[in-house]
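# Fold and geometry: a report
Chain residues, written in single-letter form:
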Amino acid sequence: MAEEQDRPEPDVLLEEAKKEGRGRLKVFLGAYPGVGKTYSMLEAAQARRREGLDVVVAVVETHGRKETERLLHGLDVVPRKQIGYRGRVFGEMDIDALLQRKPRLAIVDELAHSNVEGSRHVKRWQDVEELLAAGIDVYTTLNIQHLESLNDVVARISRVRVRETLPDKVLELADEIELIDLPPDDLIQRLREGKVYVRDQIGRAIRHFFSKGNLTAFRELAMRVAAERVDAQMINFMRTHAIPGPWPAQERLLVCINESPMSKQLVRTARRMAERSRIPWIVVNAQTPHHESLPDAAKDRIADALRLAESLGGEVVTLPAESDLAGELIRLARSRNVTRIVLGRPRKRHWAALFRENVAGRLMKEAKAFEVTIVSPVAEDGPGQRIDPERPGGIRFDRKAYGWATVTVAVATAIAFGVEKVLPLPNISLVFMTAVLFVATRFGLWPSLYTCLVSFLTYNYFFTVPYFTLSVSYRGELLTIVFFLVVAVLAGNLAARLKAQVEAMRTTAQRTANLFDFSRRIVAAASLYDVLWAAVHHVASTLQCQAIILLPKRCHGLEIAAGYPPEDHLSSTDRAAADWAWKHGATSGWGSGTLPAAGWQFLPLKTQRGLVGVLGISFKDNSPDKVRLEPEQHRLLNALVDQVAVAIERTNLATDIEEARVLTETEQLRSALLSSVSHDLRTPLVSIIGSATTLSSRGGKLSDDDRDQLVQTILEEGERLNRFVQNLLDMTRLGYGALQLNREWTDLREIAGRAVRRLEKLLQFHRLELDVPADLPSIRVDPVLIEQVLVNLLDNSAKYAPRDSRIMLRARQVDNTIATEVCDEGPGIPPDARDAVFEVFYRVRAGDRQAAGTGLGLSICRGLVEAHGGRIVARAGPADRGTVIEFTLPLEPAPPIQDETKETKDMKDREKRE
Amino acid sequence: MSDPGPRILIVDDEPQIRKFLRISLSAHGYDIVEAIRGRDGIDKCATEQPDLVVLDLGLPDIDGQEVIDRIREWSEVPIVVLSVRAGEAEKVAALDRGANDYVTKPFGIAELLARVRAALRTHKGTAAEQLSEIVTGELRIDLARHQVEVAGETVKLSRKEFDILRLLALNAGRIVTHQHMLREVWGPAHEQEVHYLRVYVGHLRQKLGDDSANPRFILNEPGVGYRLLVPEE
């Protein structure tokens, strides 16, 4: 165990690494307004400026105080961005101007401020995050009251619930916290002197808010926060530097919330507890069968609480629990190694609570291994949070169900009457039982209970003595019907629960089937386009919305890659939201903290390698206010988004693999070229340098013949080197597509003659036969290149054909081409190699037991011939011996020479005259 | 001793090339002057008054073509350029600007010497109008009577064919560009009709009994022009 802790924890190191390149955030923290945070911040800013740093004021509220204003002198102020809203103009921080200006340090007052609608982000702290990400340091101010997790405590102390809250994680972003402290007495003095500007609409409660007791409490809170922060930094430091410390055991905290209004308070409390002990925490919402039947307000409360939990850093789990709520919770707790459970005490105790299990009670009884904490609700929930007392279970009066229930009972009664003769009394109850079960399975719990009651009364009325009264004479019969009622209620309850469970399972199965279907379709999609289309189609049909996917363009920016229904156009706000989501890898648009006015919500498509695109969804019918995703829908959407991201990455990877393969092939060719060049360039040089040095050292002592031979060697090898260099050049030009054909009308015989003359020395040991008629039609080719083709072919033949054997160069017209052959009596090319022989470096791959020379010659021939629109093949010679390489060149009709006839005529006339 | 032969100015930035040119050309009796850069070459052309300039087109300071231009502004000294293979356009440009001939690198010294001799001969020779007869090897051209003999045998040529042969013979051993030939024989309007030229040359060769695969008289240099071969002593 101890050794494990000797290494710095990777998560912490990662956090540290992420901090590289980010700006540093210093928070001037105050316990209450009026301590002088802005003043201290500006003092610090001035100090930095005197040190030579580039300091810029992004936004500062002086509230007209002269001392504060004086501190602004000399500091650059970036003008605020004017945003109009509801006829008024508000000045908010201009992020873009700041990003462009890129100061070393930016001064941002009031970190918890909410931006006016129309700004890029909802909250100023999000703006600050952008600045930090761009590497700009920030000084900012903050009051304790604005911290999310302290919201309840503050409310309790001051009876005022502060609205503008800041998620605690923002404070954790801070690299430095300076606590601006002012003893309460001094503050009250300043208040009297009118030196404090009070905002937050405290209004009438001001005197109460600033009572000495409150101020002291706040001061303590502020100090505690600062201390906790210091503590956290210390532990971070220890973790980064692998200093073993008394780490708390890996405990975990589980907090259970439901639709009760105190769920948010529970979340905050749980967070504080978890933070204090520095353990991870989980928020669980158990969805019982009657979750579906909750009013919307209740569902919203749950969703809000879950979102709050996520923003505070907790893990959110939704637990489907059909009946055994406590049992499910305990099971979850055990599986996640939870050591502490936090619950809320229900506010009222309903009679219905008897039927519903007391989760807390059960937990305390059964969960012996857990610490169970019951939290009482805050006495007052603050203004504006009154909720209608809801009936437990949320009874919905479904007229139809009760109508059917009544009908069922009537039918049962009729049947019972019919059966009465046959069955004894107690057994008639079975008929009514059937009715109850029927109604339970069809219509749920409450209709079934209603049916129980009605059946009971009917049973009593019609079938017990005295008939047609509600009184019962016989004790036995009384017991019967009482037992009937009891059994009916239980059975009805069970059946109803079963129905609910089946419903829940069906929904889950549907969801799973949806995801499975989606993944199957995505996997089958081969091309990127198919993947995108399948994705948007599926998302749109599942969530009943519009879906689009944006992918990055090659250079910069995003473009719409797919949409269902097809969408080409995004408003500028939507575009900005999409760009923001792409740049920051976070959700934007409605329902998020950034550009919530957009009509679309954009989710980044993230994989381990990074961002591959952005998915947008929009409910065009509903206004953005009403639109919200259920937590389950949200989770489904997230799952889909992950799958889409992976699928897109898969297609990208496939493309990458292909490119890498091509690259590898190119690399192989290049290395083969290098080895060939190195060998074939050096070989002639060996002879040249060798011969030259011999001549130089022993020149006078060599015989004339020897001297001549050495000189000849130098000459021949020099020419050979020249040919090789030419091959390389041609190869390069062919490879780069830089081959330019300078076509002119020419005769093949002339080209053949030049080629033969160039290789004169090389061909001296063979018998060359030239069979190219002079009257072959002229061809329009590049004479230099075709000469090179012949040179390479003759070179090849000379290399492989034995001495004194024949080498033939033959050309003839075949239909509308000129077919040229170079034949030799060498060893020939095996049939399976006749195609491969034209590939680059074929010889190299075949091994180097063959004669020296590059493997480039034939491939160059093919390149040059094909560039002229011709073809080249290798064949066996006559009697299957030797090699014939034949290439064809297309004939073009020669341009007419009009003057010829006239010329001839003139000439003839002139000659006649002479 | 014998007089120093004609003076040749070598303009090339490669010391090894200058060395072997100096050695071989001196061995053949020429007086050598060297220049390393183009500007230097232009200056030396004025100060040293060479009889011929061997100019490398690939100079570091200024383009070889420009050197030709500058020299041609005030001098008609023969210029033989050194160019690379597949630089046909470059060769034609040089010739159009006033160069007299070229050799393709890498070259054998015999080739260069032939070009040098041909260039000097034509220059030193009497004006074309004063010639009545040209004899090269087995070829004998009577300019006055428009008669051509090959190894003693008279050959009948059409007007155009004769003009072509005359032009080549007057520049015997030197390259004559297609455009120049077309201009001279057909007129400036026909400068681009190289295929005409080819057909006529083909006929001419046939009549002269010249094998295009192994020419004795007329050598085609693709992309550039024609040359009447001169047998070397």
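As the structure is a prediction and not an experimental result, all values here were calculated from the model.

## Description of the overall build of chain A
Summing up its helical and strand segments, chain A has 27 helices and 25 strands in all. Looking at chain A as a whole, 44% of its 914 residues qualify as buried. Residue pairs at least 24 apart in sequence account for 70% of intrachain contacts in chain A once pairs closer than 6 positions are excluded. About 48500 Å² of surface is accessible on chain A, with carbon and sulfur atoms providing 54% of the total.

## Points about the overall build of chain B
The helix and strand tally for chain B stands at eight helices and 12 strands. Restricting to contacts in chain B with at least 6 residues of sequence separation, those with at least 24 account for 57%. For chain B, the accessible area works out to roughly 10600 Å², and carbon and sulfur atoms hold 48% of it.

## Here's the deal with the interface of chain A and chain B
If you look at the interface, chain A gives 28 residues, while chain B gives 23 residues. Between chain A and chain B, a total of about 2200 Å² is buried, with carbon and sulfur atoms accounting for 49% of that surface. Our enumeration of links across chain A and chain B arrives at three salt bridges. With a closest N to O distance of 3.5 Å, Arg198 of chain B and Asp747 of chain A form a salt bridge. If you look at where chain A meets chain B, you find seven residue pairs in polar contact (both at pLDDT 80 or more). Of all the elements in the fold, those that place two or more residues in the side of chain A that touches chain B are helix 22 (704-735), strand 19 (744-746), helix 23 (748-758), helix 24 (783-800) and helix 27 (899-913) of chain A. Counted by class, the side of chain A that touches chain B contains eight nonpolar, seven polar and 13 charged residues.

## Structural notes on the environment of Phe619 of chain A
Mapped onto the secondary structure, Phe619 of chain A falls in the loop between strand 18 (610-618) and helix 21 (631-698). Once the C-alpha coordinates of Phe619 of chain A and Gly599 of chain A are considered, the two residues, 20 residues apart in sequence, prove to be 7.9 Å apart.

## Quick notes on the sheet that holds strand 20 (residues 767-771) of chain A
Note on sheets: strands pair through backbone hydrogen bonds, and any given pair is parallel or antiparallel. Residues and elements named next belong to chain A. Overall, mixed pairing links the five strands, which are arranged 20-22-23-25-24 in an open sheet. Each end of this open sheet is capped by a strand with a single partner; those strands are strand 20 and strand 24 (871-876). Ignoring strand direction, the axes of neighbouring strands in this sheet form an average angle of 15°. Inspection of the sheet shows strand 22 (residues 806-814) paired to strand 23 (residues 817-824) by eight bridges, in the antiparallel sense. Each bridged residue has a counterpart across the sheet, and for Val814 the counterpart in strand 23 is Thr817.

## Overview of the nonpolar core
Residues and elements named next belong to chain A. One finds Tyr32, Ile107, Val108, Leu131, Val138, Leu142 and Ile144 to be the most contacted residues of the largest nonpolar core, which totals 58 residues. With sequence-adjacent residues up to four places away left out, Val108 is seen in contact with Met41, Ala58, Val59, Met93, Arg124, Val128, Leu131, Val138, Tyr139, Thr140 and Thr141. One finds Met731, Leu759, Leu785 and Ile818 within the second-largest nonpolar core, a separate group that totals 45 residues.

## Notes on the sheet that holds strand 1 (residues 7-11) of chain B
Residue and element names in this part refer to chain B. Read from one edge of the open sheet, five strands run 2-1-3-4-5, paired in parallel fashion. Each end of this open sheet is capped by a strand with a single partner; those strands are strand 2 (31-35) and strand 5 (101-105). Between one strand axis and the next, the sheet turns through 20° on average, direction left out of account. Inspection of the sheet shows strand 4 (residues 79-84) paired to strand 5 by five bridges, in the parallel sense. Within strand 5, the residue paired with Ser83 across the bridge is Thr104. Contacts between helix 4 (residues 88-97) and the sheet are confined to strand 4 and strand 5, with strand 4 contributing the most and set at about 165° to the helix.

## Quick word on helix 8 (residues 184-192) of chain A
Among the residues making up helix 8 of chain A, those that are buried are Pro184, Leu187 and Ile188 of chain A. The arc that holds the buried residues of helix 8 of chain A, viewed along the axis, is 100°, so those residues lie on one side.

## Points about unusual backbone geometry
Cis geometry is found at the peptide bond from Tyr564 of chain A to Pro565 of chain A, where omega equals -10°. Mapped onto the elements, Pro565 of chain A comes out in the loop between strand 15 (558-564) and helix 20 (572-584). Note the cis peptide between Lys105 of chain B and Pro106 of chain B, where omega equals -10°. Residue placement: Pro106 of chain B occurs in the loop between strand 5 and helix 5 (109-124). A positive phi angle, close to 50°, is found at Gln49 of chain B, a residue other than glycine. Inspection of the secondary structure puts Gln49 of chain B in the loop between helix 2 (38-48) and strand 3 (52-56).

## A few points about the pattern of salt bridges
Overall, the coordinates contain 56 salt bridges over all chains when judged by the stated rule. In this structure, the salt-bridge partner of Arg720 of chain A is Glu717 of chain A, at a minimum N-O distance of 2.9 Å. With Arg720 of chain A and Glu717 of chain A both in helix 22 and three residues apart, the pair spans about one turn of that helix. Through salt bridges with shared partners, a single network forms among Glu750, Arg754, Arg758 and Glu787 of chain A together with Arg205 of chain B.

## Things to note about empty space enclosed by the protein
Evaluation of the coordinates by the stated rule reveals one cavity of 30 Å³ or more. Estimates place the volume of the largest cavity at around 40 Å³. Every residue lining the largest cavity is listed: Glu744, Trp745, Thr746 and Glu750 of chain A together with His178, Val194, Arg198, Asn220 and Tyr226 of chain B. When residues of the lining of the largest cavity are traced back to their parent elements, those giving at least two are strand 19 of chain A together with helix 8 (194-208) of chain B.

## Quick notes on the packing of aromatic side chains
Describing an aromatic ring pair means giving the distance of the ring centres and the angle of the ring planes. In total, this model carries eight aromatic pairs over all chains according to the counting rule given. Ring centres 6.0 Å apart and planes at 80° place the aromatic pair Trp533 of chain A and Tyr564 of chain A in the edge-to-face group. Taken together, the residues Trp533 of chain A in helix 19 (residues 528-543) and Tyr564 of chain A in strand 15 connect sequence positions 31 residues apart. Among the residues examined, Trp533 of chain A registers a relative accessible area of 40% and is labelled partly exposed. Between Trp186 of chain B and Tyr200 of chain B the ring centres are 5.1 Å apart and the planes differ by 70°, which places this aromatic pair in the edge-to-face class. Of this pair, Trp186 of chain B sits in the loop between helix 7 (178-185) and helix 8 while Tyr200 of chain B is found in helix 8, placing the two residues 14 residues apart along the sequence. Each member of the pair, Trp186 of chain B as well as Tyr200 of chain B, carries the same accessibility label: buried. Through a chain of ring-to-ring contacts, the aromatic side chains of Trp186, Tyr196 and Tyr200 of chain B assemble into a single cluster.

## Notes on a nonpolar patch on the surface
Residues Phe417, Leu453, Leu457, Tyr461, Tyr467, Phe468 and Leu470 of chain A make up a contiguous nonpolar surface patch of about 670 Å² in total accessible area. Per-element accounting of the nonpolar patch gives the leading share, three residues, to helix 17 (residues 445-463) of chain A.

## Describing the packing of helix 6 (residues 159-170) of chain B against helix 8 of chain B
Residue and element names in this part refer to chain B. As a packed pair, helix 6 and helix 8 sit with axes 10 Å apart at the nearest point and diverge in direction by 85°. Relative to helix 8, helix 6 is oriented roughly perpendicular. The residues of helix 8 that touch helix 6, namely those facing Lys160, Glu161, Ile164 and Leu165, are Leu197, Tyr200, Val201, His203, Leu204, Lys207 and Leu208. Among the residues making up the contact of helix 6 with helix 8, the classes are represented as seven nonpolar, one polar and three charged.

## As for the side chain of Gln46 of chain A
You can see Gln46 of chain A is positioned in helix 2 (residues 37-51). Excluding residues within four positions of it along the chain, Gln46 of chain A makes contact with Leu71, Leu72, His73 and Leu75 of chain A.

## Considering the packing of helix 22 of chain A against helix 24 of chain A
The packing of two helices is summarised by the inter-axis angle and the distance between the axes. All names here are of chain A. Where helix 22 contacts helix 24, the axes come no closer than 12 Å and their chain directions differ by 125°. One finds that helix 22 runs oblique with respect to helix 24. The element helix 22 and its partner helix 24 pack so that their crossing is left-handed. Taking contact as the criterion, the partners of Arg723, Gln726, Asn727, Asp730 and Arg733 in helix 22 are, on helix 24, Leu785, Gln788, Val791, Asn792 and Asp795. Broken down by class, the residue content of the contact of helix 22 with helix 24 amounts to two nonpolar, four polar and four charged.

## Some thoughts on the pairing of strand 12 (residues 340-344) of chain A
On a regular strand, each side chain points to the face opposite its neighbour's, so the side chains alternate between the two faces of the sheet. Residue and element names in this part refer to chain A. Counting buried positions along strand 12 yields four of five residues, so the element is predominantly enclosed. Where strand 9 (residues 253-257) and strand 12 come together, three bridges link them in parallel fashion. Each residue of the ladder has a partner; that of Val255, found in strand 12, is Val342. Relative to strand 13 (residues 371-375), strand 12 runs parallel, the two sharing five bridges. Within strand 13, the position partnered with Ile341 by the bridge is Val372.

## Things to note about the environment of Asp13 of chain B
All names here are of chain B. Inspection of the secondary structure assignment puts Asp13 in the loop between strand 1 and helix 1 (15-27). In the structure, Asp13 is positioned 47 residues away from Pro60 in sequence and 7.4 Å away in space, judged by C-alpha atoms. Sequence-distant contacts of Asp13, that is, excluding residues within four places in its chain, are made with Arg18, Ile36, Arg37, Asp56, Gly58, Leu59 and Pro60.

Cut-offs and rules
- Residues numbered from 1 in each chain as written.
- Chains lettered and ligands numbered in written order.
- Predicted model: local features only at pLDDT ≥ 70, side-chain atom pairs only at ≥ 80, totals over all residues.
- Heavy atoms only, no water.
- Helix = DSSP H or I, 4+ residues; strand = E, 2+ residues; numbered from the N terminus.
- Buried < 20%, exposed > 50% of the residue type's maximum accessible area, 1.4 Å probe, protein only.
- Contact = heavy atoms within 4.5 Å.
- Areas by Shrake-Rupley, 256 points an atom, 1.4 Å probe, with all protein chains shown as cover.
- Buried area = accessible area lost by both parts, 1.4 Å probe.
- Salt bridge = Lys/Arg side-chain N within 4 Å of Asp/Glu carboxyl O.
- Polar contact = N/O pair within 3.5 Å; in protein donor to acceptor, adjacent residues only side chain to side chain.
- Nonpolar A, V, L, I, M, F, W, Y, C, P; charged D, E, K, R; others polar.
- Pairing = 2+ DSSP bridges.
- Axes fitted to C-alpha atoms, helices over the stretch in contact; angles between N-to-C directions.
- Core = buried A, V, L, I, M, F, W, Y, C linked by side-chain atoms within 4.5 Å.
- Arc of directions from axis to C-beta.
- 1 Å grid on protein atoms, 1.4 Å probe; cavity = no way out; pocket = protein on both sides within 12 Å on 5 of 7 lines; lining within 4 Å.
- Points joined across faces, edges and corners; volume = space filled by probe spheres on them.
- Phe/Tyr/Trp six-rings, centres within 6.5 Å; stacked < 30°, edge-to-face > 60°.
- Patch = residues over 30% accessible without salt bridge, like charges linked within 9 Å, V, L, I, M, F, W, Y side chains within 5 Å.
- Parallel < 35°, antiparallel > 145°, perpendicular 65-115°, else oblique.
- Left-handed = near helix turned anticlockwise from the far one by under 90°.

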